[in-house]
Amino acid sequence: MAASRLPPAALSLKQFLQRQKVLGVYRNLLRIIHKIPDESDRRYMRDWAREEFKRNKSETNQDVIRMMITQAQNHLEDLRKSLSLAGC
Amino acid sequence: MASRALAHSVRSIARASARLNQGNVLTRSACAPRVSTQRPLSVISSNQRTRWTELVRITEPSFQLCRHYGDLPPLTIESIQDRVMYVLKLYDKINPEKLQTSSHFMKDLGLDSLDQVEIIMAMEDEFGFEIPDAEAEKLMTPAEIVQYLADKKDVYV
């Protein structure tokens, strides 16, 4: 009964969960980037992350989105490891 | 002669220390039953050969027992709101003139969810504690952010 009253632009459950995942990855990425010691590096990485996410914002294919989430998480892990190696 | 000078200096020192000790004296006298609010109290102090009493009047407590701890200044809703608006004005994607406490990020200011994540992260930095994802995505206006922060920090003023 509630399903018929949903607006047409509402996301399905899977899409909704995926959106949450994307936002979670973005948040973790921003948190890691915030820890970078050098100011100009930090700004560059933040702009890069923003660019990447904004560029693919209009993607609707679920598989492509999943691939991009995995890619972002790999980047996140790389950053985390380099930061821990660099000692901060 | 010398003893008089000594007595005078001792009296002035004792007066100063009596002022410092007023706290202890007051707590001690507070335990004992009080007849009237103002009553003279005698402080007897002996120093070497000089013995004297000095009357110290206890007035209504005009001082406060004060302990010093280190902490941040207390938050009020005013100050939280000022800080939130300040952080938002510094954000480059927001037009400072159009910003109000009730302006919705997505509907009025035209931001998207990625920008909202950035804004919430800036708030986390400003106030120094983490906001979990589930609650962060619901905060869509500055007024809601202020409300959430006030709830978390137990600010009622």
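Residues numbered from 1 in each chain as written. Chains lettered and ligands numbered in written order. Predicted model: local features only at pLDDT ≥ 70, side-chain atom pairs only at ≥ 80, totals over all residues. Heavy atoms only, no water.

Draft legend 1. Region of interest: unusual backbone geometry. A positive phi is found at B:D154, a non-glycine position, where the angle reads about 55 degrees. Residue B:D154 is classed as exposed on the basis of its relative accessible area, which comes to 52%. (Buried < 20%, exposed > 50% of the residue type's maximum accessible area, 1.4 Å probe, protein only.)

Draft legend 2. How the structure looks around the layout of surface pockets. Counted as a void, the largest pocket has a volume near 770 Å³. Residue lining of the largest pocket: 26 residues in total, with A:V22, A:F53, A:N56, A:K57 and A:I65 positioned closest to the centre. Of all the secondary-structure elements, those providing two or more residues to the lining of the largest pocket are α1 (13-34), α2 (39-55) and α3 (62-86) of chain A together with α3 (113-127) of chain B. Of the residues contributing to the lining of the largest pocket, the split by class is 13 nonpolar, eight polar and five charged. (1 Å grid on protein atoms, 1.4 Å probe; cavity = no way out; pocket = protein on both sides within 12 Å on 5 of 7 lines; lining within 4 Å. Points joined across faces, edges and corners; volume = space filled by probe spheres on them. Helix = DSSP H or I, 4+ residues; strand = E, 2+ residues; numbered from the N terminus. Nonpolar A, V, L, I, M, F, W, Y, C, P; charged D, E, K, R; others polar.)

Draft legend 3. Expanded view of the interface of chain A and chain B. Contact with chain A, which involves 13 residues of that partner, is made by 18 residues of chain B. Interface area for chain A against chain B, summed over the two sides, is near 1,400 Å², with a carbon-plus-sulfur share of 50%. Contact with chain B buries surface across chain A, with A:R27, A:R31 and A:R50 losing the most and accounting together for 41% of the total. The tally of links between chain A and chain B comes to six salt bridges. In this structure, the salt-bridge partner of B:E124 is A:R31, at a minimum N-O distance of 3.0 Å. On the surface where chain A and chain B come into contact, there are seven residue pairs in polar contact (both at pLDDT 80 or more). Put simply, the parts of the chain that give the side of chain A that touches chain B at least two residues each are α1 and α2 of chain A. Considering every element that reaches the side of chain A that touches chain B, the biggest residue donor is α1(A), with nine residues. Residue composition of the side of chain A that touches chain B, grouped by class: four nonpolar, three polar and six charged. (Contact = heavy atoms within 4.5 Å. Buried area = accessible area lost by both parts, 1.4 Å probe. Salt bridge = Lys/Arg side-chain N within 4 Å of Asp/Glu carboxyl O. Polar contact = N/O pair within 3.5 Å; in protein donor to acceptor, adjacent residues only side chain to side chain.)

Draft legend 4. Structural detail: the packing of helix α2 (residues 77-90) of chain B against helix α5 (residues 142-153) of chain B. All names here are of chain B. As a packed pair, α2 and α5 sit with axes 10 Å apart at the nearest point and diverge in direction by 135 degrees. What the angle tells us is that α2 and α5 run oblique. Of the two elements, α2 crosses α5, and the hand of that crossing is right-handed. Residues I77, I80, Q81, V84, M85 and L88 of α2 touch α5, and the partners they reach there are P142, I145, V146, L149 and A150. Looking at the contact of α2 with α5, its residues break down into ten nonpolar, one polar and no charged. (Axes fitted to C-alpha atoms, helices over the stretch in contact; angles between N-to-C directions. Parallel < 35°, antiparallel > 145°, perpendicular 65-115°, else oblique. Left-handed = near helix turned anticlockwise from the far one by under 90°.)

Draft legend 5. Region of the structure containing the pattern of salt bridges. This model, assessed by the stated rule, comprises 13 salt bridges over all chains. We note a salt bridge from B:E126 to B:R83, for which the minimum N-O separation is 2.8 Å. Of this pair, B:E126 sits in helix α3 while B:R83 sits in helix α2, and the two are 43 residues apart along the sequence. With relative accessibility at 30%, the residue B:E126 sits in the partly exposed group. For B:R83, a relative accessible area of 28% corresponds to the partly exposed category. Each member of the salt-bridge network shares a partner with another, and the members are A:R31, B:E124 and B:E130.

Draft legend 6. A look at α2(B). Residues and elements named next belong to chain B. Along its 14 residues, α2 runs 20 Å from first to last C-alpha, staying within 8% of the 20 Å computed at 1.5 Å per residue. For α2, every residue scored as buried is listed here: I80, V84, M85, V87 and L88. Relative to the axis of α2, the buried residues are bounded by an arc of 160 degrees and lie together on one face. Exposed residues on α2 whose side chains face more than 90 degrees from its buried face are E78, Y86 and L90. In this structure, the buried side of α2 is in contact with α3 and α5. (Expected span 1.5 Å × (residues − 1). Arc of directions from axis to C-beta.)

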